[in-house]
Amino acid sequence: MKRLKLFVNGSFVDSAAGGIDVTDPATQEVLCEVPFATAGEVDRAVRGAKTAFRAWRDVPTPERARLLFAYQDVLKKNQDDISRLLCRDTGKTWEDARGEVWRGIEVVEHACSIATLMMGETVENVARGIDTYSLVQPLGVCAGISPFNFPAMVPLWMFPLAVACGNSFVLKPSEQDPTVPNRLMELLSDAGAPDGLVQVVHGGREQVEALLDHPDVRAVSFVGSAPVARAVYSRAAANGKRVQALAGAKNHLVVLPDADKRQAVASLVGAACGAAGQRCMAVSAAVLVGAAADWLGDLRDAMAAVRPGAWDDDGAAYGPQITRAARDRILGYIERGKAEGAECLLDGSDCAVAGRPDGNWVGPTLFGGVTPEMSIYRDEIFGPVLVTSRAETLGEAIDLVNANPYGNGVSLFTSSGGAARRFQRDVEVGQVGINVPIPVPLPFFSFTGWKGSFLGDQHVYGKEAVRFYTETKTVTARWLDDAPSGDPNMTIKLR
Ligand code: NAD
């Protein structure tokens, strides 16, 4: 059986450690074994990255940008190849996999403008003959820990901007689908990255903790579930590292009765079921305001028409859950929802897909009459399960959304500009869609989750990521244009 390698100092190397099987989620076929790197292997990767950083920080900024230009070109040429790997490892549909790779490429395109993004500021003559200016400098070795649901896009949120800023990078991808991250690093090497600039160590909690505790790691970018995000944030921050930790979500879509019904219903179905609900920006809670509650039947019918299937099935709307355990967890929530008194309007528990009897399938599932104390409302289920609640007014819907501990994404469907403006102003969520169900900003903005969906100060990609991966230094300089007097300067003269 194929054993995945670590990527250390520019080469794929065998690990001395044991590992776990990675399985095809549509068939349970074992695809490879992923090793859990030893402590020594993690340390070797970080030390190699530190050595690479010393040379890379001196590479002129336009030359670093040129690596990113070459990388986006290589990624585009290999988009189908990476997408095929994604389909196999995650079960995503072809269209979804290609979309994921594209969203990652867009971050690399943005990183190509690193020289402009890293410009400092200057104020001339802050005192007579004195100028102050700022330099934006890289940190050193940065580490990234990524989740299973976007094995291409999330690593691409991280390392391209980190290396564009002049850092080196060690990635610990999800152990559930670790092949694509290896391929991404191989392609960066093909594009001309020096050995050691990016490294990949595989594993789970132990390998993450080794990175969080390593004295040579300066910054940690984490994306994953909320409990792990909190643990990673606390440990890395306690170790004095800069941390951004993107966590789970419970994203609401609020529908006002003046919305276009067809658009609202179709958007809800796509945002709840797309990618099998395994998106941090998936809509998992709908709030139907006033007469929009009457659309529940239309929503049920539209969801019932959606069917999952294998990635090479053109008619499949979405693929399997990543593992059998993930599927069983979702089925547990569906049972709990019924026991808690919610009305199960569509039950995807007994979902079968022709020709793939062993896949981790869950059919579209819809609950009505859901209240905030129910676990299916409180918890992130991370499957194609949509819970719906009613509100009498927009204000009531906003209060419901704001009371939720998460704050990743939210949408409002309406034809009223006034309602939209009030919503975008008052809702306490970091990414807001107006008649857009999944409002993920493009990379020239940042991915701005709030509250329980994000721990840290600077978000991923965009200008905030450049601040995250750099340190600002201010220089105050005086150059005398005549011979120095030699008199001791006992006071700071500001006038
Ligand atoms: P996860 O938290 O189980 O794993 C994420 C990473 O952390 C993996 O690399 C894993 O190996 C590692 N890990 C697991 N347990 C750990 C522990 N105890 N200590 C240290 N590291 C540990 O998440 P997942 O199931 O792979 O991904 C799905 C989750 O990620 C969902 O909650 C989803 O909302 C979230 N997510 C959030 C965003 C966002 O932008 N906010 C984006 C993508 C995914």
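A brief structural summary. (Residues numbered from 1 in each chain as written. Predicted model: local features only at pLDDT ≥ 70, side-chain atom pairs only at ≥ 80, totals over all residues. Heavy atoms only, no water.)

So, on to the overall build of the chain. Across its full length, the chain holds 16 helices and 22 strands. For 495 residues, the compact-globule estimate of 2.2 N^0.38 gives 23 Å, and the chain sits close to it at 25 Å. Referenced to the eigenvectors of the C-alpha coordinate spread, the extents of the chain come out at roughly 85 × 60 × 40 Å. For the chain, the proportion of contacts with a sequence separation of at least 24, taken over those separated by at least 6, is 72%. Accessible surface for the chain amounts to roughly 20,700 Å². Of this, 51% is attributable to carbon and sulfur atoms. When the 50 basic and 59 acidic side-chain charges of the chain are each reduced to a single mean position, those positions are 4 Å apart. (Helix = DSSP H or I, 4+ residues; strand = E, 2+ residues; numbered from the N terminus. Rg over C-alpha atoms; globule rule 2.2 N^0.38 Å. Contact = heavy atoms within 4.5 Å. Areas by Shrake-Rupley, 256 points an atom, 1.4 Å probe, with all protein chains shown as cover. Lys, Arg positive; Asp, Glu negative; His and termini not counted. Charge placed at Lys NZ, Arg CZ, Asp CG, Glu CD.)

Judged by nonpolar contacts, the single largest core of 63 residues is most densely connected at Tyr71, Trp157, Leu161, Phe169 and Tyr469. Broken down by element, this core gets its largest block of residues, 10 residues, from helix 6 (residues 153–164). By size, the runner-up hydrophobic cluster in this structure holds 32 residues, among which are Ala285, Ile334, Ile376 and Val401. (Core = buried A, V, L, I, M, F, W, Y, C linked by side-chain atoms within 4.5 Å. Buried < 20%, exposed > 50% of the residue type's maximum accessible area, 1.4 Å probe, protein only.)

Our next topic: the site of the ligand. Around the ligand, 27 residues are found, and the nearest of them are Lys172, Glu175, Ser225, Ala247 and Glu380. A distance of 2.7 Å separates a nitrogen atom of the ligand from a polar backbone atom of Ala247. For the ligand, whose free accessible area comes to 850 Å², the fraction covered by protein is 89%. If you list the elements that add at least two residues to the shell around the ligand, you get helix 8 (205–213) and strand 10 (217–223). Partitioning the shell around the ligand into residue classes produces 14 nonpolar, nine polar and four charged. (Near = heavy atom within 4 Å. Polar contact = N/O pair within 3.5 Å; in protein donor to acceptor, adjacent residues only side chain to side chain. Nonpolar A, V, L, I, M, F, W, Y, C, P; charged D, E, K, R; others polar.)

What follows deals with the pairing of strand 11 (residues 242–246). Counting buried positions along strand 11 yields four of five residues, so the element is predominantly enclosed. Sheet topology places strand 10 next to strand 11; five bridges connect them, and they run parallel. Counted as the bridge partner of Ser221 is Gln244 from strand 11. Where strand 11 and strand 21 (residues 454–456) come together, three bridges link them in antiparallel fashion. Bridging from a neighbouring strand, Leu246 pairs with Phe454 of strand 21. (Pairing = 2+ DSSP bridges.)

It is worth spelling out the sheet that holds strand 6 (residues 130–138) at this point. Ordered by their spatial adjacency, three strands build an open sheet running 5-6-22, and the pairing between neighbours is antiparallel. Each edge of the open sheet is held by one strand with a lone partner, namely strand 5 (122–127) and strand 22 (470–478). Taken pair by pair, the neighbouring strands of this sheet meet at an average axis angle of 30°, ignoring direction. As defined by bridge partners, strand 6 adjoins strand 22 across nine bridges and the pair is classed as antiparallel. Bridge pairing links Asp131 to Ala477 in strand 22. (Axes fitted to C-alpha atoms, helices over the stretch in contact; angles between N-to-C directions.)

Attention now moves to the packing of helix 3 (residues 79–90) against helix 4 (residues 94–111). Interaxial distance between helix 3 and helix 4 falls to 9 Å at its minimum, and their mutual angle equals 125°. As the angle between them shows, helix 3 and helix 4 are arranged oblique. Two packed elements cross with a definite hand, and for helix 3 against helix 4 that hand is right-handed. Contacts between helix 3 and helix 4 involve Gln79, Asp80, Ile82, Ser83, Arg84, Leu86 and Cys87 on the former and, on the latter, Trp94, Ala97, Arg98, Glu100, Val101 and Trp102. Residues of the contact of helix 3 with helix 4, tallied by class, amount to seven nonpolar, two polar and four charged. (Parallel < 35°, antiparallel > 145°, perpendicular 65-115°, else oblique. Left-handed = near helix turned anticlockwise from the far one by under 90°.)

Before going further, it helps to spend a moment on the sheet that holds strand 15 (residues 365–368). A sheet is described by the order of its strands in space; here seven strands give the open sequence 14-15-16-13-12-18-19, paired in mixed fashion. The sheet terminates laterally at strand 14 (343–346) and strand 19 (431–434), the two strands that pair on one side only. Each strand of the sheet is rotated relative to its neighbour by a mean of 20°, with strand direction disregarded. Strand contacts of helix 10 (residues 261–273): strand 12 (251–255), strand 13 (283–289), strand 16 (385–391) and strand 18 (409–413), with the helix running at about 155° to strand 13, the strand carrying the most contacts.

So, on to the side chain of Gln278. Within the secondary structure, Gln278 sits in the loop between helix 10 and strand 13. Taking relative accessible area as the criterion, Gln278 reaches 8% and is therefore assigned buried. Of note is the side chain of Gln278, whose polar atom sits 3.0 Å from the backbone nitrogen of Ile322. Apart from the residues within four sequence positions on either side, Gln278 is in contact with Phe148, Asn149, Pro320, Gln321, Ile322 and Phe382.

Tallied over the entire structure, the rule returns 27 salt bridges. Ionic pairing is found between Asp301 and Arg300, a salt bridge with its closest N-O pair at 3.4 Å. Through salt bridges with shared partners, a single ionic network connects Arg205, Glu209, Asp213 and Arg235. (Salt bridge = Lys/Arg side-chain N within 4 Å of Asp/Glu carboxyl O.)

Right, let's get into the layout of surface pockets. Estimated volume of the largest pocket: approximately 1,000 Å³. Considering the residues around the largest pocket, the lining is formed by 47 residues, among which Gln176, Phe222, Gly224, Ser225 and Val228 are closest to the centre. Looking at which element gives the most residues to the lining of the largest pocket, the answer is helix 9 (residues 226–238), with six residues. (1 Å grid on protein atoms, 1.4 Å probe; cavity = no way out; pocket = protein on both sides within 12 Å on 5 of 7 lines; lining within 4 Å. Points joined across faces, edges and corners; volume = space filled by probe spheres on them.)

Next up on the list: the side chain of Thr448. Relative to the elements of secondary structure, Thr448 occurs in the loop between strand 19 and strand 20 (450–451). Thr448 gets classed as buried once you look at its relative accessible area, which sits at 18%. Of note is the side chain of Thr448, whose polar atom sits 2.8 Å from the backbone oxygen of Gly430.

What follows deals with the environment of Pro62. Its location among the elements puts Pro62 in helix 2 (residues 61–77). For Pro62, a relative accessible area of 45% gives the class partly exposed. Along the chain, Pro62 and Ser389 lie 327 residues apart, while their C-alpha atoms are 52 Å from each other.

It is worth spelling out helix 3 at this point. The terminal C-alpha atoms of helix 3, which comprises 12 residues, lie 16 Å apart, in line with the 16 Å expected from a rise of 1.5 Å per residue. Downstream of helix 3 by a residue or two, Gly91 has a phi angle that is positive, lying close to 80°. (Expected span 1.5 Å × (residues − 1).)

Next up on the list: the packing of aromatic side chains. Counted under the stated rule, the structure contains 10 aromatic pairs. Taking 5.0 Å as the distance between ring centres and 80° as the angle between the ring planes, the aromatic pair formed by Phe468 and Tyr469 counts as edge-to-face. Per residue, the accessibility class of Phe468 equals that of Tyr469, and both read buried. Clustering of aromatic rings is evident, with ring pairs tying together Tyr71, Phe159 and Phe169. The aromatic ring of Tyr333 is capped on one face by Arg336, whose charged end is 4.5 Å from the ring centroid. (Phe/Tyr/Trp six-rings, centres within 6.5 Å; stacked < 30°, edge-to-face > 60°. Lys NZ or Arg CZ within 6 Å of the ring centre and 35° of its normal.)

The values reported here are purely geometric and, on their own, carry no functional implication.
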